[in-house]
Amino acid sequence: MPILRAKKALANMESGQLLEVLATDPAAVRDFHFFGNQTGNIVIGESEDKGVFSIIVKRK
């Protein structure tokens with residue numbers, strides 16, 4: 001679900017803008033790297049705090 005929501009949000013953003021995604025599934029980090037490779041968007045940061053993963057994606 002986070003990938004789908006991020007894809008919709010990124011479609012409304014301009015090139016270079018940043019999107020922060022919060023997810024509780026540890027696989028989301030891997031999934032967003034794969035998503036970035038497929039779409040040209042770039043994961044520029046990731047962190048975890050108490051089971052919540054923050055993933056920063058830069059719009060292509």
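In case you missed it, the structure is sitting above this.
Residues numbered from 1 in each chain as written. Predicted model: local features only at pLDDT ≥ 70, side-chain atom pairs only at ≥ 80, totals over all residues. Heavy atoms only, no water.

Participant: It is not clear to me how unusual backbone geometry should be interpreted in this structure. Could you clarify?
Facilitator: Leaving glycine out, the prevailing phi sign among residues is negative, and the prevailing peptide bond configuration is trans. Despite not being glycine, K50 shows a phi value in the positive range, around 55°. Here K50 is to be found in the loop between β2 (42-49) and β3 (52-58). (Helix = DSSP H or I, 4+ residues; strand = E, 2+ residues; numbered from the N terminus.)

Participant: Please clarify how the side chain of N41 should be interpreted in this entry.
Facilitator: Relative to the helices and strands, N41 is located in the loop between α2 (27-39) and β2. Taking the relative accessible area as the measure of exposure, N41 reaches 7% and is therefore buried. At a separation of 2.8 Å, a polar atom in the side chain of N41 contacts the side chain of T39. Polar contacts involving the side chain of N41 include one to the main-chain amide nitrogen of K60, which spans 2.8 Å. Those residues in contact with N41 that sit more than four places away from it in its chain are L10, F35, G36, V57, K58, R59 and K60. (Buried < 20%, exposed > 50% of the residue type's maximum accessible area, 1.4 Å probe, protein only. Polar contact = N/O pair within 3.5 Å; in protein donor to acceptor, adjacent residues only side chain to side chain. Contact = heavy atoms within 4.5 Å.)

Participant: What is the right way to read the nonpolar core from this model?
Facilitator: One broad rule of soluble globular proteins: the nonpolar side chains tend to lie buried together. Within the largest apolar cluster, 14 residues are counted, with the highest numbers of intra-cluster contacts made by L10, L19, V21, F32, I55 and V57. Considering each element in turn, this core owes the most residues, 4 residues, to α2. (Core = buried A, V, L, I, M, F, W, Y, C linked by side-chain atoms within 4.5 Å.)

Participant: Quick question: what am I supposed to make of the pattern of salt bridges here?
Facilitator: By the definition in use, this model includes 1 salt bridge. Taking the shortest distance from any N to any O, the salt bridge between D31 and R30 comes out at 3.2 Å. A relative accessible area of 58% means that R30 is categorised as exposed. (Salt bridge = Lys/Arg side-chain N within 4 Å of Asp/Glu carboxyl O.)

Participant: Can you walk me through the sheet that holds strand β1 (residues 18-23) in this structure?
Facilitator: Overall, antiparallel pairing links the 3 strands, which are arranged β1-β3-β2 in an open sheet. Taken across any chain shown, the strands that pair with only one partner, and hence form the sheet edges, are β1 and β2. When strand polarity is set aside, the average angle formed by the axes of neighbouring strands in this sheet is 20°. Taken together, the 6 bridges between β1 and β3 define a ladder with antiparallel strand orientation. By the bridge assignment, E20 is partnered in β3 with I56. Contacts from helix α1 (residues 2-11) reach β1 and β3, with the element oriented near 160° to β1. In the packing of α2 onto the sheet, contacts are made with β1, β2 and β3, and the angle to β3 comes to roughly 10°. (Pairing = 2+ DSSP bridges. Axes fitted to C-alpha atoms, helices over the stretch in contact; angles between N-to-C directions.)

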